[in-house]
Amino acid sequence: MENLELVEKVVITPDRPTERRRLFLSNIDLNLRGYQESVCFFCPPTSQLTFPDVKKAVYSALGSLLVPYDFLAGRLVRALQEGGSRGRLEIDCNGAGIVVAVATTESELNWLGELNEPKPEYRQLTAFLFEEGEEEMDITDLPLLYFQLTQFGCGSLAIAIRYNHCTVDGLTVHDFLTNFAAVTRGDSLVIEPNPDRTIFRARDPPVINHPHFEFSKAVMTDDISARVATGRPCPTRPASIIHLPPERIAILKIAALRGGKLKACTVFHAVAAKIWKARTTALRIPCDRHSTMLFPVDIRKRLVPEVPAGFAGNAIIPGYARATAEELIDLDEPELVRRVQEGIERLDDGYVRSAIDWLEANPGGGHWGEDRFSVVAMFRLGLEEPEFAWGKQICNVPVEVKPGLVALLPGPREGGGINVWVDMDADQVEELRRILLND
């Protein structure tokens, strides 16, 4: 990106004083302590807004939002009560603030090519969101939320967001962006956030009445996977794209419903099941090894009582489908889809409570030895929907696809479908492509 320059970097704090308190983090939160980055793009503002106007609107809206979202302006700390809590992390809602960087580049937006896909160039749109010496810093010293506003030479805009996943899940990010956009337009909050996580507190003593294969740790098949699993920095490996057009998705759904074994099949069910089998073949996983496919499931309406409206935190538990590689090769499409559906259906109140208690009794996760990966249907989040004062988003896309993740993103506007993003070796990607598109 040509002549990318930092204009300024500021700390935004809540517009008015907020209550100083400690916010409990659930075991679901604490299982998701890494940072996530995404970026959204805008055409040049069609209104009379100048770039300084947009910058001012961003600062003003975020300052206003950090009053109801005061926990995002806080910092992670160790619990005050050490006895029995093992010094678990919680949020000190201290109003320390979030970091916002503003940058400009002479490059035009079309220099990036197709926008709706993760790519290494997006790293420059988060270039000013990392602290010097961050790898050596304790997580309690870092802000929980960062933004970078970048103006391109053509007048187009990008807003990158970097947040600690222990604070929010994808649906909460959607709600935050909805409120952010509304405030920039001069409107009131659309969703009143409720960050209270006590509904997810573990039982004492823990009651574990289900096996929880979703928390097993992945077998380390290469150096990159090993580094990710152990928290060590790893080199960036470009993600690869496989486009599933609408016609192919329709074929997968028809195959799943063939024979009348299933009453219904969603796009996610059909695509995830096909990826599970195809990936197992492409990686040549030994026949006797189990492959566990994870997929985040929203549990807001699965608890009894339901999670309160406006919940602002993590309310996702991994559903899973599990089989040996040999079983996967032999299973037909209806049975594969049925296992995916079962992985979602098993997450009732009792299972979720058992999962939370399992994490309480097993901090850090389970045993090694399984092939394990996650499929995330980002196309269902609708992060690109909120409309800001300076215009509609072109798209909203993750900066990268991390090892062990398969991301399902919206396909091209013209052709539709789904873009499947994977981080695998080139020969494995080609075999995966062949199976997904032809077999």
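All values derive from a computational prediction rather than experimental measurement.

A.B. asks: So what's going on with the nonpolar core? Residues and values would help.
C.D. replies: In this structure, Phe200, Ile275, Met293, Leu408 and Val420 are the most contacted members of the largest nonpolar core, which totals 59 residues. The biggest single contributor to this core is helix 6 (residues 267–282), with nine residues. Here this core spans two domains, since at least three of its residues come from each of domain 1 (4–200) and domain 2 (213–380 + 399–437). Setting aside its immediate chain neighbours within four residues, Phe200 contacts Ser26, Ile28, Ile299, Leu303, Val307, Phe311, Asn314, Ala315, Arg353 and Ile356. Counting 46 residues, the second-largest nonpolar core is a separate cluster that includes Leu66, Ile98, Cys166 and Val173.

A.B. asks: Which residues make up the sheet that holds strand 5 (residues 89–93), and what values go with them?
C.D. replies: What links the strands of a sheet is backbone hydrogen bonding, and the strands pair in either a parallel or an antiparallel sense. Strand order across the open sheet formed by three strands is 2-5-4, with antiparallel pairing between neighbours. On the outer flanks of this sheet lie strand 2 (21–24) and strand 4 (75–78), each paired with one strand and no other. Each neighbouring strand pair of the sheet contributes to a mean axis angle of 45°, computed without reference to strand direction. Here four bridges tie strand 2 to strand 5, and the two strands are oriented antiparallel to one another. Along strand 5, the bridge assignment pairs Arg22 with Asp92.

A.B. asks: Let's hear about the packing of helix 6 against helix 10 (residues 426–438): which residues, and what values?
C.D. replies: At a closest axis distance of 9 Å, the pairing of helix 6 and helix 10 adopts a crossing angle of 140°. When the interaxial angle is binned, helix 6 and helix 10 end up oblique. Between helix 6 and helix 10 lies a crossing whose hand is right-handed. Contacts between helix 6 and helix 10 pair Lys274, Ile275, Ala278, Arg279, Thr281 and Ala282 from the former with Gln428, Glu431, Leu432, Ile435 and Leu436 from the latter. Across the contact of helix 6 with helix 10, the residue classes break down as six nonpolar, two polar and three charged.

Reading guide: rules and limits
Residues numbered from 1 in each chain as written. Predicted model: local features only at pLDDT ≥ 70, side-chain atom pairs only at ≥ 80, totals over all residues. Heavy atoms only, no water. Core = buried A, V, L, I, M, F, W, Y, C linked by side-chain atoms within 4.5 Å. Buried < 20%, exposed > 50% of the residue type's maximum accessible area, 1.4 Å probe, protein only. Helix = DSSP H or I, 4+ residues; strand = E, 2+ residues; numbered from the N terminus. Domains from an automatic or database assignment. Contact = heavy atoms within 4.5 Å. Pairing = 2+ DSSP bridges. Axes fitted to C-alpha atoms, helices over the stretch in contact; angles between N-to-C directions. Parallel < 35°, antiparallel > 145°, perpendicular 65-115°, else oblique. Left-handed = near helix turned anticlockwise from the far one by under 90°. Nonpolar A, V, L, I, M, F, W, Y, C, P; charged D, E, K, R; others polar.

Coordinates in, geometry out; function isn't part of it.
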